[in-house]
Amino acid sequence: MIFRGTICILALAASSSAFAPTTSTITVAAGRSKDVITMKIAADSTSTAADAAAVSSSPSSSVLHDFDHHTSTRLPYSPTGYSTWEWKTHHNQQNQLIEEFNDNGSNSSGSPTHLTTHSINYLEVGDSSKPALLLVHGFGASSYHFRHNIPVLARKYHVYAIDMLGFGWSDKPIMDYDATVWKDQVVDFVQEVILNGDDDNKEERSIAIAGNSLGGYTAMYASSDERIKDNVKACILINAAGRFRDPEAIEEPSEPNPIIKSISSAIQRFVIACSFVYTKQPLRIEQVLRQVYPIDNSNVDSELVESIQTPAQDDTAAEVFYRVITKNGAGPQAYVDDILKELDCPVLLAWGESDPWIRSAAADKMESLHAEFHGENVAGENGSKWIKRASIDAGHCPHDEAPEAVNDAILSFVDEVLSIA
């Protein structure tokens, strides 16, 4: 079963045969060194959306300076992004090449501990003294996809939204992408941005993490991480993607013929490149969005289309598109089953029940697995490990198709978890 649903907006508009992930494994070392290597594999600095976003070094971009989330229900659109966080991380091509070299039997003494700085687009709205709520978008989208959620949620919580590496106005480095990249990005963002300014109450600050599609999987994966799980009090999955274990499957590593592998890769790259050129066209983006907003597509407008199409013009976007699709699932696979088992916080399934990509059966499976691992636990009567479902009359992106219903579900759930009246 492929990582169904993660190939959102741009990817599923193309030929579905191109989207099955490879089974190759790249183990990225977790070690870090003090040597910082800035390895931005980018194009002309005047032409990329990520570089345009980097111009903003203030806590919020100019479009948010006069924005009043108490009276507005829609986030203003910024064609250059919002704010920039410089993420220093071991996730980069150099470390991946060292790992691959070592895995091939080399006696190299090299260690994949070089750090790279990636510029990450994010925004924050609300009272910084309130509990934090972090929003993570899906494949092909950006933080702007939460345009109808951020203002309303920020009236009660300190809301953050982040562009995942390779998407939106964040950097799009040429490297292999797997689930650990985005998990570590969220974990580091929580530690360095959300908790960094709250040193006195760092251990006590409550955080809820919500995500849609690939962002839902990332939210779940990050929430289970030991580095931040003590602070994460709630996890909201909005039509989250992810693989489930097949109890009958026998996993046998395969070593494909390198010649066949290279030919297959070349053909796959050509097909996906052609698909990318086609799917990043505004009319095609709008067409796909209307397919995944099956109940009410009135929110499919020019700004939403532009927020998806503009970052796709970055010079490295096509290569990133190819690598995410072909390498999706690379590295040790984290199954939804395993992540749910490790989650210590309450979970909300805010589910668009008319999703044409990730069917309601996926939410059914999550509920079943959660009960299997943690027992029947209604509203936390028997501890913090409980799950709740809010059925939304919408498709794959219910937070934008039916924002009022999703906002109500999130606020009700987080209020309940944090016992906020």
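Things to note about the overall build of the chain
Here's step 1: The helix and strand inventory of the chain stands at 14 helices and eight strands.
Here's step 2: Scored against the burial criterion, the 421 residues of the chain give a buried share of 57%.
Here's step 3: A fraction of 82% describes how many contacts in the chain between residues 6 or more apart in sequence connect residues 24 or more apart.
Here's step 4: With an accessible surface of roughly 17400 Å², the chain has 50% of that area assigned to carbon and sulfur atoms.

Concerning the sheet that holds strand S4 (residues 158–162)
Here's step 1: Read across the open sheet, the eight strands follow the order S1-S2-S4-S3-S5-S6-S7-S8; overall the sheet is mixed. In this open sheet, the two edge strands, each paired with only one partner strand, are strand S1 (83–89) and strand S8 (387–392). Direction aside, neighbouring strands of the sheet carry axes that sit 25° apart on average.
Here's step 2: In the sheet, strand S7 (residues 347–352) pairs with S8 via six bridges, with the strands oriented parallel. Within S8, the position partnered with Trp351 by the bridge is Ser391.
Here's step 3: Contacts from helix H6 (residues 214–223) reach strand S3 (132–136), strand S5 (207–212) and strand S6 (232–238), with the element oriented near 150° to S5.
Here's step 4: Helix H12 (residues 360–374) rests against S6, S7 and S8 of the sheet, and its axis sits at about 165° to S7.

Things to note about H12
Here's step 1: Its 15 residues place the ends of H12 21 Å apart at the C-alpha level, agreeing with the 21 Å of an ideal helix rising 1.5 Å per residue.
Here's step 2: Of the surrounding elements, those touching the buried residues of H12 are S6, helix H11 (336–342), S7 and S8.
Here's step 3: Positioned one or two residues after H12, Gly375 has a phi angle of 80°, which is positive.

Concerning the packing of helix H8 (residues 282–292) against helix H9 (residues 302–309)
Here's step 1: Here H8 crosses H9 at 115°, and the two axes come no closer than 10 Å. Between H8 and H9, the interaxial angle falls into the category roughly perpendicular. H8 and H9 meet at a crossing whose hand is right-handed. The residues of H9 that touch H8, namely those facing Pro282, Ile285, Glu286 and Leu289, are Leu304, Val305, Ile308 and Gln309.
Here's step 2: Tallied by class, residues from the contact of H8 with H9 come to six nonpolar, one polar and one charged.

Considerations on the packing of aromatic side chains
Here's step 1: What the rule picks out here adds up to 12 aromatic pairs.
Here's step 2: When the ring of Phe139 is compared with that of Phe167, the centres are 5.0 Å apart and the planes differ by 65°; the resulting orientation is edge-to-face. Taken together, the positions of Phe139 in the loop between S3 and helix H4 (150–153) and Phe167 in the loop between S4 and helix H5 (179–194) put the pair 28 residues apart, joining distant regions of the chain.
Here's step 3: The class of Phe139 is buried, set by a relative accessible area of 2%.
Here's step 4: Judged by its relative accessible area of 7%, Phe167 is buried.
Here's step 5: Pairwise contacts between aromatic rings join Trp85, Trp87, Tyr122, Tyr160 and Phe189 into one cluster.

Some words on the state of the cysteines
Should the sulfur atoms of two cysteines be covalently bonded, the bond is a disulfide.
Here's step 1: What the rule picks out here adds up to zero disulfides.
Here's step 2: Take Cys235: it sits in no disulfide, and the sulfur closest to it among the cysteines is that of Cys345, at 5.4 Å.
Here's step 3: A residue is classified by how much of its surface remains accessible, and Cys235, at 0% relative accessible area, is buried.

Some points on the confidence of the model for the chain
Here's step 1: Chain-level pLDDT for the chain is 80 on average; 71% of the residues reach the 70-or-more range.
Here's step 2: Every residue in residues 1–58 scores below 50 in pLDDT, and together they form 163 contacts with partners more than four places removed in sequence or on other chains.
Here's step 3: Confidence over residues 258–264 falls short of pLDDT 50; this stretch has one contact with residues more than four positions distant or in other chains.

Description of the environment of Asp230
Here's step 1: Counting through the fold element by element, Asp230 comes out in the loop between H6 and S6.
Here's step 2: As for Asp230 and Ile207, which are separated by 23 residues in sequence, their C-alpha atoms are 9.3 Å apart.

A few points about the pattern of salt bridges
Here's step 1: This model, assessed by the stated rule, comprises 21 salt bridges.
Here's step 2: Between Lys156 and Asp415 there is a salt bridge, with its nearest N and O atoms 2.8 Å apart. With Lys156 in the loop between H4 and S4 and Asp415 in helix H14 (residues 403–418), this pair connects stretches of sequence that are 259 residues apart.
Here's step 3: Lys156 gets classed as partly exposed once you look at its relative accessible area, which sits at 25%.
Here's step 4: Of the residues examined, Asp415 reaches a relative accessible area of 13% and is grouped as buried.

Details of the side chain of Lys229
Here's step 1: Along the polypeptide, Lys229 turns up in the loop between H6 and S6.
Here's step 2: Overall, Lys229 belongs to the buried group, its relative accessible area being 9%.

Points about unusual backbone geometry
Here's step 1: Positive phi is not limited to glycine here, since Ser213 has a value of about 60°.
Here's step 2: Following the sequence through the fold, Ser213 ends up in the loop between S5 and H6.
Here's step 3: The phi torsion at Asn239 lies on the positive side, around 50°, for a residue other than glycine.
Here's step 4: Along the chain, Asn239 turns up in the loop between S6 and helix H7 (258–279).
Here's step 5: For Asn239, a relative accessible area of 0% translates into the label buried.

Brief notes about the pairing of S6
Here's step 1: Burial analysis of S6 places six of its seven residues in the buried class, the great majority of the element.
Here's step 2: Of the pairings in the sheet, the one linking S5 to S6 comprises six bridges and is parallel in character. Along S6, the bridge assignment pairs Ala210 with Ile236.
Here's step 3: What joins S5 to S6 is H6, and the crossover it makes is right-handed.
Here's step 4: Pairing geometry for S6 and S7, over three bridges, is parallel.

About the thresholds
- Residues numbered from 1 in each chain as written.
- Predicted model: local features only at pLDDT ≥ 70, side-chain atom pairs only at ≥ 80, totals over all residues.
- Heavy atoms only, no water.
- Helix = DSSP H or I, 4+ residues; strand = E, 2+ residues; numbered from the N terminus.
- Buried < 20%, exposed > 50% of the residue type's maximum accessible area, 1.4 Å probe, protein only.
- Contact = heavy atoms within 4.5 Å.
- Areas by Shrake-Rupley, 256 points an atom, 1.4 Å probe, with all protein chains shown as cover.
- Pairing = 2+ DSSP bridges.
- Axes fitted to C-alpha atoms, helices over the stretch in contact; angles between N-to-C directions.
- Expected span 1.5 Å × (residues − 1).
- Parallel < 35°, antiparallel > 145°, perpendicular 65-115°, else oblique.
- Left-handed = near helix turned anticlockwise from the far one by under 90°.
- Nonpolar A, V, L, I, M, F, W, Y, C, P; charged D, E, K, R; others polar.
- Phe/Tyr/Trp six-rings, centres within 6.5 Å; stacked < 30°, edge-to-face > 60°.
- Disulfide = S-S within 2.5 Å.
- pLDDT = per-residue confidence, 0-100.
- Salt bridge = Lys/Arg side-chain N within 4 Å of Asp/Glu carboxyl O.
- Right-handed = clockwise from strand over helix to strand, strands pointing away.

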